[in-house]
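Each chain, letter by letter, is given below.
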Amino acid sequence: MTMKTTVPGAVAAFATLMFAGVATHAGDLTAPLVAPAALEDTAQSPWMIRMRALGVITHDSGSVDGIPGSDLSYSDSITPELDITYFFTDNIAAELILGTTSSKVYTEGSIAGLGQVGKAWLLPPTVTVQYHFTDFGAFKPYVGAGVNYTIFYNHSDAGAFTDFKIDDTFGAALQVGFDYKLDEHWGLNFDVKKLFLEPEWKANLGGTALSGKAKLDPWLIGAGVSYRF
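Because the structure is a prediction, the values reported are computed rather than measured.

What counts and what doesn't
Residues numbered from 1 in each chain as written. Predicted model: local features only at pLDDT ≥ 70, side-chain atom pairs only at ≥ 80, totals over all residues. Heavy atoms only, no water. Helix = DSSP H or I, 4+ residues; strand = E, 2+ residues; numbered from the N terminus. Contact = heavy atoms within 4.5 Å. Pairing = 2+ DSSP bridges. Core = buried A, V, L, I, M, F, W, Y, C linked by side-chain atoms within 4.5 Å. Buried < 20%, exposed > 50% of the residue type's maximum accessible area, 1.4 Å probe, protein only. Polar contact = N/O pair within 3.5 Å; in protein donor to acceptor, adjacent residues only side chain to side chain.

*Asks:* What's the story with the environment of Phe196 in this structure? I'm lost.
*Replies:* With respect to the element layout, Phe196 can be found in strand E12 (residues 186-196). Taking the C-alpha atoms as reference points, Phe196 and Phe170, separated by 26 residues in sequence, lie 8.7 Å from one another. Other than its neighbours up to four places away in sequence, Phe196 contacts Phe170, Gly171, Ala172, Leu174 and Asp217.

*Asks:* I would appreciate a short explanation of the pairing of E12 in the present structure.
*Replies:* Put simply, side chains in a regular strand alternate between the two faces of the sheet. As defined by bridge partners, strand E11 (residues 169-181) adjoins E12 across 10 bridges and the pair is classed as antiparallel. Looking across to E12, one finds that Ala172 is bridged to Phe196. The sheet contact formed by E12 and strand E15 (residues 219-228) spans 9 bridges and is antiparallel. Residue pairing in the sheet places Lys193 in a bridge with Leu220 of E15.

*Asks:* What exactly am I supposed to notice about the nonpolar core here?
*Replies:* Soluble globular proteins: nonpolar side chains tend toward being buried together. Counting 18 residues, the largest nonpolar core has Val105, Val117, Phe164, Ile166 and Trp201 as its most contacted members. Those elements that place two or more of their residues in this core are strand E3 (70-74), strand E7 (116-123), strand E10 (161-166), strand E13 (200-205) and strand E14 (208-215). In contact with Phe164, other than residues within four places in its own chain, are Val105, Val117, Gly118, Lys119, Ala120, His155, Ser156, Asp157, Trp201, Lys202 and Ala203. Counting 5 residues, the second largest nonpolar core, distinct from the first, contains Leu54, Val56, Ala173 and Leu195.

*Asks:* What's the story with the side chain of His132 in this structure? I'm lost.
*Replies:* Among the secondary structure elements, His132 is positioned in strand E8 (residues 126-132). A polar side-chain atom of His132 sits 2.8 Å from a polar atom in the side chain of Gln130. Among residues more than four places away in sequence, those in contact with His132 are Arg50, Phe87, Asp90, Asn91, Ala93, Pro141 and Tyr142.

*Asks:* Just checking my understanding: could you explain the side chain of Ser70 for this structure?
*Replies:* Within the element layout of this structure, Ser70 appears in strand E3. According to the relative accessible area criterion, Ser70 is buried, its value standing at 10%. At 2.8 Å, the side chain of Ser70 forms a polar contact with the backbone oxygen of Ile67. When near neighbours in sequence (up to four residues on either side) are disregarded, Ser70 contacts Gly62, Ser63, Val64, Glu108, Ser110 and Ile111.

Now the structure itself:
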């Protein structure tokens with residue numbers, strides 16, 4: 001009778017210990033499996049690149065010194081753009097924006113009859129500091145502000161004008177945009193920047209030296225893809 005009553009008790013105790021051991025071991029096995037998922041975002045490289053098609057839309061304003069009512073206008077353009085972003089944290093990043101395009105300058109207002117002044121290429125490298133919002137899942141909006149230095153090169157004259165030149169200049173930049181993540185690396189991007197750009201310009205017209213200010217102040221509207229390394 002003693003054997004019959006103690007054996008089932010021993011079996012039950014052994015089964016209880018085995019179940020507890022398996023449960024503890026299973027907990028140990030599942031714990032490491034959670035960690036990679038938690039670390040997925042922090043393991044990303046801080047570097048990101050974007051390629052955009054960029055529309056450059058100018059403000060169309062300017063003047064010729066000493067001529068009341070004088071004005072200027074400029075041709076708009078579409079150009080490819082590359083930018084490189086470095087994330088210091090999940091929220092704070094710096095972006096270098098690179099691209100080049102050309103613009104034609106026309107007389108307007110009281111001097112509209114003089115026609116096109118010339119054409120120049122411009123390289124406007126821009127650095128912005130950005131704040132990225134991280135609470136919207138795959139949708140990653142951001143805002144930024146920074147500085148621009150525009151280099152004007154390869155000037156060409158038009159009509160009766162000669163020696164046309166636009167001076168290189170600094171300007172401020174504001175930015176807003178978003179990335180939409182398709183997977184860990186690839187995303188779609190939409191971006192709008194406003195450059196405050198009012199360089200000095202000069203040219204000759206029939207032996208008369210002219211100068212003034214070209215108030216370009218362009219909007220840069222871009223769409224493309226992003227890649228996070």
